[in-house]
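Close look at the chain arrangement
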Amino acid sequence: MSVDLQTTYLGLTLKNPIVAGASPLTGHLDELKELEGAGVGAVVFPSLFEEQIEHEEMALARVRDFGAESFPESLHFFPELDDYNTGPGAYLRRIEEARTKLSIPVIASLNGQSTGGWIRHARLMQEAGASAVELNIYHLPSDLAVSGQAVEQRYVELVEAVRAEVTIPLAVKIGPYFSSVAHLVGRLVAAGADGVVLFNRYLFPDIDVEALEVRPHLQLSTAAELLLPLRWIAILHGRVKTSLAASSGAVTSNDVVKLLLAGADVVMLVSSLLRYGTAYPAQILAELESWLADNDYESVRQLQGSLSQLHSPNPEAFERANYMRALASFTSERP
């Protein structure tokens, strides 16, 4: 039995729902070719950070202005910054190269938290040949004077600003820490997002009790983190007209199946690729196809969303009722 693995993400037709998410692996052409060979449906470049762009612009400004008071004619040696490509040129060149060497969609990633000139690099990514742009908003609101409403408004304004720069599809990657995730997703879609990636995985600092220092701490995600994106994708599927991408926690083919049943259009692999290498998607895809055939599914599209809250025979399981049942079942299982 032949199974159709095709899916649609951000209006793009992908040969399957496995996407290599932004990571160090997707920043190099050799690894990108290996990922394509392993069958991924698309790749997301590592993020170009707001800080990187602003640092390069300031560095160029210092070079441009050095000695200008002594030699005013030197001001004519450089074009105005607004007309000069001051963004990390290597990043844009890698996009151009990837688009010529790969046959799968290449999604650029822009990471920032404030509106500003750095956003125009979304347009440069489009001009370099990116199939879409993923806006990775990484903002930890720690100001006691800033309300949750103001934080959400910042997200909406960022999406509006990037949408004004590009005509290609735009995805927005957000974290889970909002008072109303569903409401915010609706606002982001209204602001111009074609898709939402659930969720951004925040990195938390740790304290070294021997050195008495605060240190960054990076730990790869595990399957235990799968349930958070699974829950919200299941709640949003069919209620918001946008693409839904699952990020964090997908390790096995069963994890992929669960997320597709919940309503994900694509599943992004990052930690599993870093653990098992660029050939790992081939195993996931083979097992996915086998599972679909064994369960009489003719296509991924037939599977998607069939156990979302909208279609679930037990929709309360995605909300508070599940909390009570889980506690009750745990108590009853005690010896």
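These numbers come from a predicted model, not from an experiment.

Glancing now at the pattern of salt bridges. All chains considered together, the criterion is met by six salt bridges. Salt-bridge contacts for Arg215 lead to Asp208; the nearest nitrogen and oxygen are separated by 2.8 Å. Given a relative accessible area of 38%, Arg215 falls into the partly exposed group. Here Arg215 ties to Glu213 by a salt bridge, and the two come within 3.2 Å at their closest N and O atoms. Owing to a relative accessible area of 40%, Glu213 belongs among the partly exposed residues under this scheme.

Moving on, we get to helix 1 (residues 29-37). Residues of helix 1 that are buried include every one of Leu29, Leu32, Leu35 and Glu36, and no others. Buried residues of helix 1, seen end-on, are gathered within an arc of 120 degrees and therefore sit on one face of the element. Structural note: helix 1 exposes Asp30 and Gly37 on the side pointing more than 90 degrees away from its buried face. Packing partners of the buried residues in helix 1 comprise strand 3 (18-20), strand 4 (42-49), helix 3 (89-101), helix 9 (271-276) and helix 10 (280-294). Just past helix 1, the residue Gly39 takes up positive phi, approximately 105 degrees.

A few words on the environment of Leu236. Residue position: Leu236 is located in helix 7 (residues 227-236). You can call Leu236 buried: its relative accessible area is 1%. Along the chain, Leu236 and Val185 lie 51 residues apart, while their C-alpha atoms are 8.6 Å from each other. Sequence-distant contacts of Leu236, defined by excluding residues within four places in its chain, comprise Ala182, Val185, Leu198 and Leu244.

Cut-offs used in this document
Residues numbered from 1 in each chain as written. Predicted model: local features only at pLDDT ≥ 70, side-chain atom pairs only at ≥ 80, totals over all residues. Heavy atoms only, no water. Salt bridge = Lys/Arg side-chain N within 4 Å of Asp/Glu carboxyl O. Buried < 20%, exposed > 50% of the residue type's maximum accessible area, 1.4 Å probe, protein only. Helix = DSSP H or I, 4+ residues; strand = E, 2+ residues; numbered from the N terminus. Arc of directions from axis to C-beta. Contact = heavy atoms within 4.5 Å.

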